Every structure is written in structure tokens, then in C-alpha cells.
Amino acid sequence: MSVTSLDKDLDNLTLTLIADFAAPVERVWQLWSDPRQLERWWGPPTYPATVEEHDLAPGGDVTYFMTGPKGDKYRGWWRVTSVDAPTSLEFTDGFADADGAPNPDMPTTTNRVTLTVRDGGTRMEMRAVFDTRQHMEQLTTMGMEEGLREAAGQMDGLLVG
């Protein structure tokens, strides 16, 4: 499995995933920049994603929904704040209502993805920053840690093909 660590820092309100891949940075970047590839790993295996909108540019939006085993749908959105292809991406991630509009009653996270060359492959660092400790606890109780680990764990299989 590519995920080498997942660290929760309650003092700094961060959740950081580190994964190492035997693929070049440009190839790992495609898993983020191509919506068809993104939907093959964004979300745990039992909740596959469908990307509806994918504008990976500052100010752009990415909208998606995950479909559970019983057909239940969970919508989400990103607001892209920074892109430096193929090495970094920053976005705010949140939940959406049934119509795809951001749900103001749910927490958001600020995320930074960094891809660097490491040992002939790529190291990916995904860092989520929470607004409050309460928001962090709410999202981790909902399964964010395991979901993130499972989602990123699917990337290896896509990189070999």
C-alpha cells in the first residue's frame, strides 16, 4: 500500500497523509487533474465518486457525489485556491446538499496537496486543516481518517495500469 502515514495533530488542527508511489510526479498529478481518473479513487472503495464539474484553476470548482452501497448519495465540493501543476494544489473541501449547493451546517477543510520527487518516484503529502477542534472531531467521527486512507490506497492500482 502506498500510504506510509496518516497523522492527526490536534494542537494544529491538521490531518496529514503521506503516500509514496513508484511513478513520476507528472503521472500522479494526472490522478488529480483528470476528472475520470479522480473519480476512480476519490472516495473509499464502497463509496465511488462521480465528478460533475472539474475546473482545476484558482477560483474554479470541483463538484462530485459519492454513491454508497445502498444507492445513497453524498455530495461534496471543492473551491480551488491555488494550482502549480504538476506539484501542488490547494482547495477548500466541503459537503453539499441534495442540489449540490454548499451545506453551511457542515464543516469545511482547507487542503494542500504537494507532490515531490522521492527515490525515483513521487511522495504525495495531503494536509487538511480544520477551522476548529469541534469540526475536526466531527469529521473524524464521521470516518474521515479511514476514508482518506482507503481512498488514497486506491491510487497505486491506477498508476500501474
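Check the entry above for the structure.
Residues numbered from 1 in each chain as written. Predicted model: local features only at pLDDT ≥ 70, side-chain atom pairs only at ≥ 80, totals over all residues. Heavy atoms only, no water.

K.L.:
Just give me the short version of the overall build of the protein chain, but keep the residues and values in it.
P.N.:
A tally of helices and strands in the protein chain yields five helices and eight strands. Taking 161 residues into account, the globule formula puts the C-alpha radius of gyration at 15 Å, and the protein chain, at 15 Å, falls close to it. In terms of its C-alpha atoms, the protein chain occupies a principal-axis envelope of roughly 45 × 35 × 30 Å. When the 161 residues of the protein chain are sorted by exposure, 44% land in the buried category. The contacts in the protein chain between residues at least 6 apart in sequence include a share of 45% that link residues at least 24 apart. Carbon together with sulfur atoms contributes 49% to the accessible area of the protein chain, which is approximately 8,200 Å² in total. When the 14 positive and 26 negative side-chain charges of the protein chain are each reduced to one mean point, those points stand 3 Å apart. (Helix = DSSP H or I, 4+ residues; strand = E, 2+ residues; numbered from the N terminus. Rg over C-alpha atoms; globule rule 2.2 N^0.38 Å. Buried < 20%, exposed > 50% of the residue type's maximum accessible area, 1.4 Å probe, protein only. Contact = heavy atoms within 4.5 Å. Areas by Shrake-Rupley, 256 points an atom, 1.4 Å probe, with all protein chains shown as cover. Lys, Arg positive; Asp, Glu negative; His and termini not counted. Charge placed at Lys NZ, Arg CZ, Asp CG, Glu CD.)

K.L.:
Any chance you could break down helix 3 (residues 133-141) for me, citing the residues and the numbers?
P.N.:
Those residues of helix 3 not exposed but buried are Met136, Leu139 and Thr140. All buried residues of helix 3 fall inside an arc of 100° around its axis, so they share one side. Residues of helix 3 that are exposed and point over 90 degrees away from its buried face: Gln134 and Thr141. Buried positions along helix 3 lie against strand 1 (3-9), strand 2 (14-21), strand 6 (88-96), strand 7 (109-118), strand 8 (121-130) and helix 4 (144-153). At the exit of helix 3 stands Gly143, carrying a positive phi of roughly 100°. (Arc of directions from axis to C-beta.)

K.L.:
How would you summarise the nonpolar core if you had to cite specific residues and measurements?
P.N.:
If you look at the biggest cluster of nonpolar residues, it comprises 40 residues, and the most contacted ones within it are Trp32, Trp42, Trp78 and Met124. Here this core gets five residues from one element, more than from any other, and that element is helix 1 (residues 25-33). Setting aside chain neighbours within four positions, we find Trp78 in contact with Trp32, Leu38, Trp42, Leu56, Gly60, Asp61, Val62, Tyr64, Leu89, Phe91, Thr92 and Asp93. (Core = buried A, V, L, I, M, F, W, Y, C linked by side-chain atoms within 4.5 Å.)

K.L.:
Tell me about the environment of Phe130, and please be specific about residues and values.
P.N.:
Mapped onto the elements of the fold, Phe130 is located in strand 8. For the pair formed by Phe130 and Thr109, sequence separation is 21 residues and the distance between their alpha carbons is 5.0 Å. When neighbours within four sequence positions are excluded, Phe130 is seen to be in contact with Leu13, Thr14, Leu15, Thr109, His135, Met136, Leu139 and Met144.

K.L.:
How would you explain the environment of Ser88 if you had to name every residue and give the values?
P.N.:
One can find Ser88 in strand 6. Given a relative accessible area of 8%, Ser88 falls into the buried group. Each C-alpha atom, one on Ser88 and one on Gln134, is 28 Å from the other, the two residues being 46 residues apart in sequence.

By themselves, these are just geometric observations and shouldn't be taken as functional.
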